[in-house]
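Structural description and commentary
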Amino acid sequence: MNDPIIRFDNVVKRFGDHTVLDELNFDIRKGEKVTIIGPSGSGKSTVLRILMTLEGIEGGVVHVGGEPLWHEHGPVGLVPASQAHLHRMRGQLGMVFQQFNLFPHMTVLRNITEAPVKVLGLGKAEARDRAEELLELVGLSDHAQKYPHQLSGGQQQRVGIARALAMRPNILLFDEPTSALDPELVGEVLNVIGQLSEEHDLTMLLVTHEMRFAREISDRILFFDQGRIVEEGSPAQLFTSPQRERTREFLGSELDRVLAV
Amino acid sequence: MTPHWIEYLPPLIEGAWVTLQLTVFSTFLGVVMAFLFGVGKLSHNPFIRAFSVAYIEVFRGTSLLVQLFWLYFALPLTGQAIGIDLRLPPVVAGVLALGLNIGAYGAEVVRGAIQSVHPGQHEAALALNFTPRQTMLGVTIPQAVPEMMPAFGNLAVQNLKDTALVSLISLGDMTFRAEQIRNFTQDSTVIYTMLLFMYFGMALVLTAIMRLLERRVGQWRPGKG
């Protein structure tokens, strides 16, 4: 319980000349629910994409479950990770995408069973039972045989969550899961995520602009700006008495944004 | 008395059967080639990539007629020079030349369709820990195929019309039969008009079949099927 399940150790990420993450350090403990907030372009999504191995890093070390993610132990120190190592490490993580990224050519049920069958080697019947449980969890039992385009955005995102959970990850990453949704569909997705946050074993790392929701479900908030953590703390601390001027400014602008809607 | 053009029909239909076989076999070969080299052009392996580019450029950049003559007339002589029997039956030379040619155009269609699949699909597949091979076969290609179908339909019709060239290596296709009748009767207007209509009829049927296929592989798409 004390060892961090995720550790960023002086992680540097650049896109060309632009430094997205600037010697970033933070830890997340097993079972912790952490929300990253911050202005767009501050590198919050990049943190998730690095963890999901969608983006490499230029410096430092990322640890997941006590093992380096983008490196392997070589004869003398760390060497860049092989595909086999990345494949093994990826099994601990799951991701929910802003644009859902469901497979449009598969039914809802097959979206959820495909990876457990092909990647984990689960039997078809077992994968199906598990998928039906997950569909019940996200409230979509009646939609198993539909194709993604026949569902609303909120329903698609709930399938996205079920699909990620079907791989039984230890860590679930949410990359702005409600940003692409019409306002009236945000609630149903947040409800499902809120329900998941009560699972004590699941570590959750969430990037969102839904401040009230972040406050409700998070154990800890990280405020990002320009590739660094400006301030972190419990939701009560960070939202009610932010210490830094930059944090106050950001929270003020978010409040304006919400009130303007 | 029956009109004289009726008498032309049996040999022309016999030729049409050969044309149909050539079209089916060479289109099939072309599709296989198109997938092999279309995917090959996107390979991370530089040798596979270079080989695919070379194939595509050579077969698109030279005349189909010359390719056909080369396979039928020049290849056996080349074989003779190095002591191997490389003589091809006309059907094989015809199917090879047509299939390799259509495959080169098809490869570009396959490549384009694969690249049009949304990057988010690859990210989702990677996040679910699919291997690159599983992603290609299970996620990318099934979504790319409906994208390819209209272009493949055009290529198949083009291929049907190109089969006329094989009459020049004395393969008894529809055009070859028409030439035979014309040499015998000198009835050019009637025979060539019949030939036009027969190709057109076959092309219509082929287009209809491709439409059906297109609808079938795209059933999952919004507003289709």
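Residues numbered from 1 in each chain as written. Chains lettered and ligands numbered in written order. Predicted model: local features only at pLDDT ≥ 70, side-chain atom pairs only at ≥ 80, totals over all residues. Heavy atoms only, no water.

The name an unreviewed UniProt entry assigns to chain B is Ectoine/hydroxyectoine ABC transporter permease subunit EhuC, from the organism Paracoccus aestuariivivens.

As annotated in an unreviewed UniProt entry, chain A carries the name Ectoine/hydroxyectoine ABC transporter ATP-binding protein EhuA and comes from Paracoccus aestuariivivens. The annotation that UniProt attaches to chain A under Subcellular location (unreviewed entry) is "Cell membrane". (UniProt positions renumbered as here; feature names shortened; annotations may be inferred.)

Some thoughts on the overall build of chain A
Within chain A, the regular secondary structure consists of nine helices and twelve strands. Taking 261 residues into account, the globule formula puts the C-alpha radius of gyration at 18 Å, and chain A, at 19 Å, falls close to it. The C-alpha extent of chain A, read off along each of the three principal axes, is 55 × 50 × 35 Å. When burial is assessed residue by residue, chain A has 56% of its 261 residues classed as buried. Residue pairs at least 24 apart in sequence account for 64% of intrachain contacts in chain A once pairs closer than 6 positions are excluded. For chain A, the exposed area adds up to about 12,000 Å²; of that, 46% sits on carbon and sulfur atoms. (Helix = DSSP H or I, 4+ residues; strand = E, 2+ residues; numbered from the N terminus. Rg over C-alpha atoms; globule rule 2.2 N^0.38 Å. Buried < 20%, exposed > 50% of the residue type's maximum accessible area, 1.4 Å probe, protein only. Contact = heavy atoms within 4.5 Å. Areas by Shrake-Rupley, 256 points an atom, 1.4 Å probe, with all protein chains shown as cover.)

As for the domain arrangement of chain A
The parts lose accessible area when they come together, and the size of an interface is often stated as this lost area. Residue and element names in this part refer to chain A. Assigned domains within chain A: domain 1 (4–92 + 175–260) and domain 2 (103–168). Domain 1 and domain 2 are separated by 25 Å when their C-alpha centres are compared. Counting residues at the interface gives eleven residues for domain 1, matched by eleven residues for domain 2. On the domain 1 side of the interface with domain 2, the three residues burying the most area are Glu-188, Val-192 and Leu-196, jointly 43% of the side's total. Across the contact surface, domain 1 and domain 2 share one salt bridge. Counting across the domain 1 and domain 2 interface gives three residue pairs in polar contact (both at pLDDT 80 or more). Looking at the side of domain 1 that touches domain 2, its residues break down into eight nonpolar, two polar and one charged. (Domains from an automatic or database assignment. Buried area = accessible area lost by both parts, 1.4 Å probe. Salt bridge = Lys/Arg side-chain N within 4 Å of Asp/Glu carboxyl O. Polar contact = N/O pair within 3.5 Å; in protein donor to acceptor, adjacent residues only side chain to side chain. Nonpolar A, V, L, I, M, F, W, Y, C, P; charged D, E, K, R; others polar.)

A look at the packing of helix α1 (residues 4–40) of chain B against helix α7 (residues 174–185) of chain B
All names here are of chain B. Contact geometry for α1 and α7: axes closest at 7 Å, N-to-C directions at 155 degrees. Judged by the angle between their axes, α1 and α7 are roughly antiparallel. Of the residues in α7, those in contact with Tyr-8, Pro-11, Leu-12, Glu-14, Gly-15, Ala-16 and Thr-19 of α1 are Met-174, Arg-177, Ala-178, Ile-181 and Thr-185. Tallied by class, residues from the contact of α1 with α7 come to seven nonpolar, three polar and two charged. (Axes fitted to C-alpha atoms, helices over the stretch in contact; angles between N-to-C directions. Parallel < 35°, antiparallel > 145°, perpendicular 65-115°, else oblique.)

What about the pattern of salt bridges?
Residue and element names in this part refer to chain A. Evaluation of the coordinates by the stated rule reveals 26 salt bridges over all chains. Asp-201 is the partner of Lys-30 in a salt bridge, and the nearest nitrogen-oxygen pair spans 3.8 Å. You can see Lys-30 sitting in the loop between β2 (18–29) and β3 (33–37) and its partner Asp-201 sitting in the loop between α6 (183–196) and β10 (203–207), a full 171 residues away along the chain. On the accessibility criterion, Lys-30 (37% relative accessible area) is partly exposed.

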